[in-house]
Structures are given as structure tokens and as C-alpha cells.
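A closer look at the structure
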Amino acid sequence: QKEVEQDPGPLSVPEGAIVSLNCTYSNSAFQYFMWYRQYSRKGPELLMYTYSSGNKEDGRFTAQVDKSSKYISLFIRDSQPSDSATYLCAMSETYMYSGGGADGLTFGKGTHLIIQP
Amino acid sequence: DTAVSQTPKYLVTQMGNDKSIKCEQNLGHDTMYWYKQDSKKFLKIMFSYNNKELIINETVPNRFSPKSPDKAHLNLHINSLELGDSAVYFCASRVGQGEKAFFGQGTRLTVV
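This one's a predicted model, so the numbers in the text were calculated from it and none came from an experiment.

Turning our attention to the confidence of the model for chain B. In this model, chain B carries an average pLDDT of 89, and 92% of its residues clear a pLDDT of 70 or more. Confidence, expressed as mean pLDDT per element, reaches its minimum in chain B at strand S6 (residues 53-57) of chain B with 72 and its maximum at strand S3 (residues 19-25) of chain B with 97.

Set out below in C-alpha cells:
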């Protein structure tokens, strides 16, 4: 079983719609959760960053984390054609130094989102 | 100013060659990473460096070697390139425990 599952899409919605993107995960040690947006031939750009469970809002974007269900979501309100991109969820455990285990980010495979004008 | 910069942006080379990709971050971060993104867009971590010490080394071939001359740089050396090494390689940096990572723009490596 993969650590992080994400539907690759493509997900196509009309402009102005509310978009819901989701990831599930199996590692209960994940504490930090991020959403990245990646345009074609560009590097991932951090959109949202949350710690543990709860909601976080930033403009048209809302990130939700439900650790009990091991489920995270990203909502995009009033979607625009410029939101068309691949959205990657990422998560990590607590980072340990000095010979202990240490981790980078574990990514989902990304959801390709298309906003139709 | 670019926070995490990689060079070159594109690299086309023949099988068997040795090549390097450079990465620099001006964020003062403690940890730097190399990720590989395959043709299916899946990002997988290869290495991380914290204060010039290799922290993790995923199951990548030993033809790949990270080298960090200082805290702001983490270069990736690849020996005896193979066709399967073709991918986009991303450098990233992070300030510390659990913090968000920032990515470079990627190096698209094509081995012919």
C-alpha cells in the first residue's frame, strides 16, 4: 500500500466552480501537511501548510486535515483558468537530527486540474 | 531573487557520460534535498543534507552522489548515465523540523 494516495485526474471543472482535491495516507506519524501547485515545466510552488488537524484558509484556498481519518483536502473557491495545474499533496513526520531517522516530504502523485473558461 | 536555483535547466547527454547539476539556496535553510520526478509526475526523494551531513539516502544507485561544499549548496553528480535516468530533478530546501520545503525550477535531464 502506497503511503500517500491521490487521484491523478484529470479533473475538469467550469470556471467559478468550487474544486475539492483530496489525499489519503496510511502513516499515522505524519504531522505536517502541505499542498503544492505545479505548472507545466515548473517547480512545485507551496500553496498551503498546516500542522496536525484543522482548517486553514488563505484567500480562495482552504486546506483541511482530518488525522483521525488520515484524509486531507484542498478547496479552491471561485476557480480561475489560471488555477489549471497539477496539485500535489505532501506530508512529513517530525524531523529528527543526530543519527535518528529524518525525512523529506512524501508526495502524492498529483491531481491534474483543468479549469474551463 | 530566486530562493532555490538550479543549473542547468535542461541537460541532454549520451549514455555513459558523467554530469553534474548544481543547486544553491539563499534562504539560510539548514536542510537541502534532491528529488526525482518521473514521467508520471511522481516526486520521490533521493537525498537530504543537513549541515553538510547526509541524513537520508533513499535506494538510489550509487552512481548518484550528492556533494555539499557549504550549507547553501547541494550539487548532484551522476556517473555513467543510463537511459532510465531521464527525468526532472528538483532541488529543495527547508529550514528545519517539519517546516515547509521550497523547490527549485527543476533540471530536465534527457539521456540519449
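Bringing the sheet that holds strand S6 (residues 54-58) of chain A into the picture now. Residues and elements named next belong to chain A. One open sheet accounts for five strands, arranged S1-S3-S8-S7-S6; its pairing is antiparallel. Among the strands making up the open sheet, the edge pair consists of strand S1 (4-5) and S6. Sheet analysis places S6 next to strand S7 (residues 61-66), joined by five bridges and oriented antiparallel. Bridge assignment links Glu 57 to a residue of S7, and that residue is Thr 62.

Residues and elements named next belong to chain B. Strand order across the open sheet formed by four strands is S1-S3-S8-S7, with antiparallel pairing between neighbours. Single-partner strands in this sheet number two, and they are strand S1 (4-7) and strand S7 (64-67). On average, each strand axis in the sheet is inclined to that of its neighbour by 20 degrees, with strand direction left out of account. Relative to S3, S1 runs antiparallel, the two being bridged by four bridges. Residue Gln 6 lies in a different strand from S3, and its bridge partner there is Cys 23.

With that out of the way, let us pick up the state of the cysteines. Inspection of the entire model under this criterion finds two disulfides over all chains. Between Cys 23 of chain A and Cys 89 of chain A runs a disulfide, and the two sulfur atoms are separated by 2.0 Å. The sign of the -100 degrees torsion about the S-S bond sets the Cys 23 of chain A-Cys 89 of chain A disulfide as left-handed. Taken together, the positions of Cys 23 of chain A in strand S3 (residues 19-25) and Cys 89 of chain A in strand S9 (residues 85-92) put the pair 66 residues apart, joining distant regions of the chain. Exposure class is identical for Cys 23 of chain A and Cys 89 of chain A. Each is buried. One disulfide in the model links Cys 23 of chain B with Cys 91 of chain B; its S-S distance is 1.8 Å. On the S-S bond that ties Cys 23 of chain B to Cys 91 of chain B, the torsion sits near -75 degrees, and the link is left-handed. Separated by 68 residues along the polypeptide, Cys 23 of chain B in strand S3 and Cys 91 of chain B in strand S9 (residues 87-94) bring together distant segments of the chain. Each member of the pair, Cys 23 of chain B as well as Cys 91 of chain B, is classed as buried.

Put simply, an interface is often sized by how much accessible area is lost when its parts join up. Tallying the contact residues gives 22 residues for chain A and 26 residues for chain B. Surface buried jointly by chain A and chain B totals about 2200 Å² across both partners, of which 53% is contributed by carbon and sulfur atoms. Where chain A meets chain B, there are four residue pairs in polar contact (both at pLDDT 80 or more). Counting residues per element, the ones that place at least two in the side of chain A that touches chain B are strand S4 (32-38), strand S5 (45-51) and S9 of chain A.

Calculation notes
- Residues numbered from 1 in each chain as written.
- Chains lettered and ligands numbered in written order.
- Predicted model: local features only at pLDDT ≥ 70, side-chain atom pairs only at ≥ 80, totals over all residues.
- Heavy atoms only, no water.
- pLDDT = per-residue confidence, 0-100.
- Helix = DSSP H or I, 4+ residues; strand = E, 2+ residues; numbered from the N terminus.
- Pairing = 2+ DSSP bridges.
- Axes fitted to C-alpha atoms, helices over the stretch in contact; angles between N-to-C directions.
- Disulfide = S-S within 2.5 Å.
- Buried < 20%, exposed > 50% of the residue type's maximum accessible area, 1.4 Å probe, protein only.
- Contact = heavy atoms within 4.5 Å.
- Buried area = accessible area lost by both parts, 1.4 Å probe.
- Polar contact = N/O pair within 3.5 Å; in protein donor to acceptor, adjacent residues only side chain to side chain.

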